[in-house]
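The chain contents come next:
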Amino acid sequence: VQLQASGGGLVQAGGSLALSCAASGNIFRTATMGWYRHAPGKQRELVAEVTSGGTTNYADSVKGRFTMSRDNAKNTVYLQMTSLKSEDTAVYYCNLIGLRFGIRANYWGPGTQVTVSS
């Protein structure tokens, strides 16, 4: 399984960005997908996740501003980010947790930088 994220960049505060993460392999449909972020001087944190059944969960700091979705036909998840704040600046990582040959597997994408200027 390989994950490839795209869509990061520089945006002004109050603006929007959309991230996408495409997964290879055949375990995407049964996997929980997540977006994490890691800002300088802070611990990595879960931003949002979506289960195989489509249930989403968001960090309190992004509720109402970020929307995560998945397209099983394209093996892709998306993170729509609106009303961006400077504190959203971080490297964003795509994560997949699923079962591979019956064993729990955890995969990470290479990360994409999101910078919000104030």
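Predicted model only: the values in this text are computed from it and were never measured.

Cut-off values and rules
Residues numbered from 1 in each chain as written. Predicted model: local features only at pLDDT ≥ 70, side-chain atom pairs only at ≥ 80, totals over all residues. Heavy atoms only, no water. Disulfide = S-S within 2.5 Å. Helix = DSSP H or I, 4+ residues; strand = E, 2+ residues; numbered from the N terminus. Buried < 20%, exposed > 50% of the residue type's maximum accessible area, 1.4 Å probe, protein only. Phe/Tyr/Trp six-rings, centres within 6.5 Å; stacked < 30°, edge-to-face > 60°. Lys NZ or Arg CZ within 6 Å of the ring centre and 35° of its normal. Salt bridge = Lys/Arg side-chain N within 4 Å of Asp/Glu carboxyl O.

## A few points about the state of the cysteines
Now for step 1: Within the structure shown, the criterion is met by 1 disulfide.
Now for step 2: Residue cysteine 21 pairs covalently with cysteine 94 via a disulfide, S to S 2.1 Å. With the S-S bond torsion at -90°, the cross-link from cysteine 21 to cysteine 94 turns out left-handed. Separated by 73 residues along the polypeptide, cysteine 21 in strand S3 (residues 17–23) and cysteine 94 in strand S9 (residues 90–100) bring together distant segments of the chain.
Now for step 3: Given the relative accessible area of 0%, cysteine 21 is considered buried.

## Quick word on the packing of aromatic side chains
Now for step 1: Taken as a whole and assessed by the stated rule, the structure comprises 1 aromatic pair.
Now for step 2: When the centroid spacing of 4.9 Å and the interplanar angle of 65° are considered together, the rings of tyrosine 36 and tryptophan 108 count as edge-to-face. Here tyrosine 36 is found in strand S4 (residues 32–38), whereas its partner tryptophan 108 is found in strand S10 (residues 103–108), with 72 residues between them in sequence.
Now for step 3: Directly above the ring of tyrosine 36 sits arginine 44, whose terminal nitrogen or CZ lies 5.8 Å from the centroid.
Now for step 4: Between arginine 70 and the ring centre of phenylalanine 28, over which it is positioned, the NZ or CZ distance is 4.6 Å.

## Quick look at the pattern of salt bridges
Any two side chains of opposite charge can pair if their charged atoms end up close together.
Now for step 1: On inspection of all chains with the given rule, the structure shows 4 salt bridges.
Now for step 2: The residue arginine 37 makes a salt bridge to glutamate 45 at a minimum N-O spacing of 2.6 Å.
Now for step 3: One salt bridge in this structure joins arginine 37 and aspartate 88, with 2.9 Å as the shortest N-O distance. Here arginine 37 is found in strand S4, whereas its partner aspartate 88 is found in the loop between strand S8 (76–81) and S9, with 51 residues between them in sequence.
Now for step 4: Residue arginine 37 is classed as buried on the basis of its relative accessible area of 5%.
Now for step 5: Residue class for aspartate 88 comes out buried when judged on its relative accessible area of 0%.
Now for step 6: Through salt bridges that share partners, Arg37, Glu45, Arg65 and Asp88 make up one connected network.

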